[in-house]
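Breakdown of the fold
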Amino acid sequence: MGVSKSIFLAPLCLILSALLGLASFVRADNPIVQTIYTADPAPVVYNGRVYLFTGHDEDGSTTFTMKDWRLFSSADMVNWQHHGIAMNLTTFAWADLNAWAGQVIPRNGKFYWYVPVRRRGGSMAIGVAVSNSITGPYSDAIGKPLVENGQIDPTVFIDDDGQAYMYWGNPGLYYVKLNQDMTSYSGSVSQITLTTAGFGTRNGNAERPTTFEEAPWVYKRNGVYYMIYAANCCSEDLRYSTGTSAVGPWTYKGVIMPSQGASFTNHPGIVEFNGTSYFFYHNGALPGGSGYTRSVAVENFKYNSDGTIPQIPWTSGGPAQVGTLNPYVRQEAETMAWEQGVETEVSSEGGIDVGNINNGDYIKVRGVAFGDGAKSFSARVASATNGGSIELRLGSSTGTLVGTCAVPGTGGWQTYKTVTCSVNGATGTQDLFFKFTGSGTDFLFNFEYWQFSK
Ligand SMILES: *[C@@H]1O[C@H](CO)[C@@H](O)[C@H](O)[C@H]1NC(C)=O
Ligand SMILES: *[C@@H]1O[C@H](CO)[C@@H](O)[C@H](O)[C@H]1NC(C)=O
């Protein structure tokens, strides 16, 4: 019976896996951001949301040309709100280049942002910026480098006893004990001795005998200290070591994510959110992607029962949605799971709007809970030309049309007006697509925010 059952089930399994393969292709929401290239993820959970700080690779970069840092946030791990430029190089009057991999950490009701930048006329140094709000504005906390030894990629960890540590390095690995104020330190800079027992063996490189390369990220779980890092330049993979204290000794544990093609660097970040563990990294998976035009992505994973981290492959599907998105409250146009063709910009009404909209572009918002059904849709829009239309479609950008909202010219790209249209057939929980249509070669309109009503 077992045999006949499995023979009977085989074709069904094939059909199912084909369907699931198709579904995960359709649902492909990794990388997280498609409007620009992003790199060096630094996630932090705060107030029921995941805030994702990233670097920004300029379009068409052929080296690490990085001038500003970006912020995105999500309450459901699939729809990410763009907050725009959270800080740029001019924050540090003493720096001139290289807005590279940093991390934000909350403490004392403030937010501290540690970043590597090049000191004007000097070498790579670590600066620290501070803000009263996680979304900024951030300002230089001390007006000079916190440390300067030509090395990069700071990560900050606060132990249970309140002692904070900042680790950084490439090619070395260093730490200091930060004071309670988070902007000064006690004692001197310590160098962690890179042993193969602590950080694995790199083959055939006498100068760098261990796998440690850069991008350390330190945290603690169930009494174990984890240091995850980028290994083995220059086709980096992500590895980790564990320690019995914040300053080691460290024991090498192995590979988390193998190297993966278009981007020769990688950078890890791990957070716990809503009872699930999430692993952030970057790749070169967007069109035009390369080692200098990277994109941040995320996977969920489960620790093994002994606390070790499994190997995590990168996927185009990403994690499952946490809960659903409520369409009956104001949602920002720049909250999206995926998009095609659009960009974001600073809005005259505060925050960010979606622009660069051409005929055929779309925004996907995943897992929208319409419930018994929506009756109407309102959108805040502006157009210096003749506008166009927002088609409301379910399931895909060519899926069922449940409403069409005409957008008129409003007399300016930042002269906003609210338009409303009726909606028919939007029930249950659906992936919602805003499909933009119109004629002409100029952009159609800008899109600020939206809301359905019952
Ligand atoms: C950098 O940030 C400053 C301060 O927020 C702002 O005035 C300036 O326009 C920004 N520059 C760029 C190129 O974004
Ligand atoms: C996860 O999120 C869902 C949906 O918002 C919520 O119902 C649930 O209680 C959360 N679970 C945890 C463990 O936080």
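Residues numbered from 1 in each chain as written. Chains lettered and ligands numbered in written order. Predicted model: local features only at pLDDT ≥ 70, side-chain atom pairs only at ≥ 80, totals over all residues. Heavy atoms only, no water.

1. A short note on the site of ligand 1
Residues in close proximity to ligand 1 include Ile-85, Asn-88 and Thr-90, which together make up its full environment. Asn-88 is positioned with one of its side-chain polar atoms (N or O) 2.4 Å from an oxygen atom of ligand 1. In the model, an oxygen atom of ligand 1 is placed 3.4 Å from a nitrogen or oxygen of the Thr-90 side chain. Burial of ligand 1 by the protein chains amounts to 25% of its free accessible area of 360 Å². (Near = heavy atom within 4 Å. Polar contact = N/O pair within 3.5 Å; in protein donor to acceptor, adjacent residues only side chain to side chain. Areas by Shrake-Rupley, 256 points an atom, 1.4 Å probe, with all protein chains shown as cover.)

2. Regarding the pattern of salt bridges
Side-chain pairing between opposite charges can occur once the charged atoms of the two side chains come close. What the rule picks out here adds up to 14 salt bridges. Salt-bridge contacts for Asp-160 lead to Lys-220; the nearest nitrogen and oxygen are separated by 2.8 Å. Residue Asp-160 is found in the loop between strand 11 (155–158) and strand 12 (164–168), and its partner Lys-220 is found in strand 15 (residues 212–221); the two are separated by 60 residues along the sequence. Look at Asp-160 and you get exposed, because its relative accessible area is 67%. Note on Lys-220: relative accessible area 26%, which makes it partly exposed. Asp-237 is the salt-bridge partner of Arg-239, the closest N and O atoms lying 2.9 Å from each other. (Salt bridge = Lys/Arg side-chain N within 4 Å of Asp/Glu carboxyl O. Helix = DSSP H or I, 4+ residues; strand = E, 2+ residues; numbered from the N terminus. Buried < 20%, exposed > 50% of the residue type's maximum accessible area, 1.4 Å probe, protein only.)

3. Description of the confidence of the model for the chain
Summing up the model confidence of the chain, the mean pLDDT is 93 and the portion of residues at 70 or higher is 94%. Note that pLDDT drops below 50 for residues 1–27; the model gives that stretch 6 contacts with residues more than four away or on any other chain. (pLDDT = per-residue confidence, 0-100. Contact = heavy atoms within 4.5 Å.)

4. Here's the deal with the UniProt feature "domain: CBM6" (unreviewed entry) in the chain
The UniProt record annotates "domain: CBM6" (unreviewed entry) at residues 329–453. Helix makes up 0% of residues 329–453 and strand makes up 57%, while its end C-alpha atoms are separated by 8 Å. (UniProt positions renumbered as here; feature names shortened; annotations may be inferred.)

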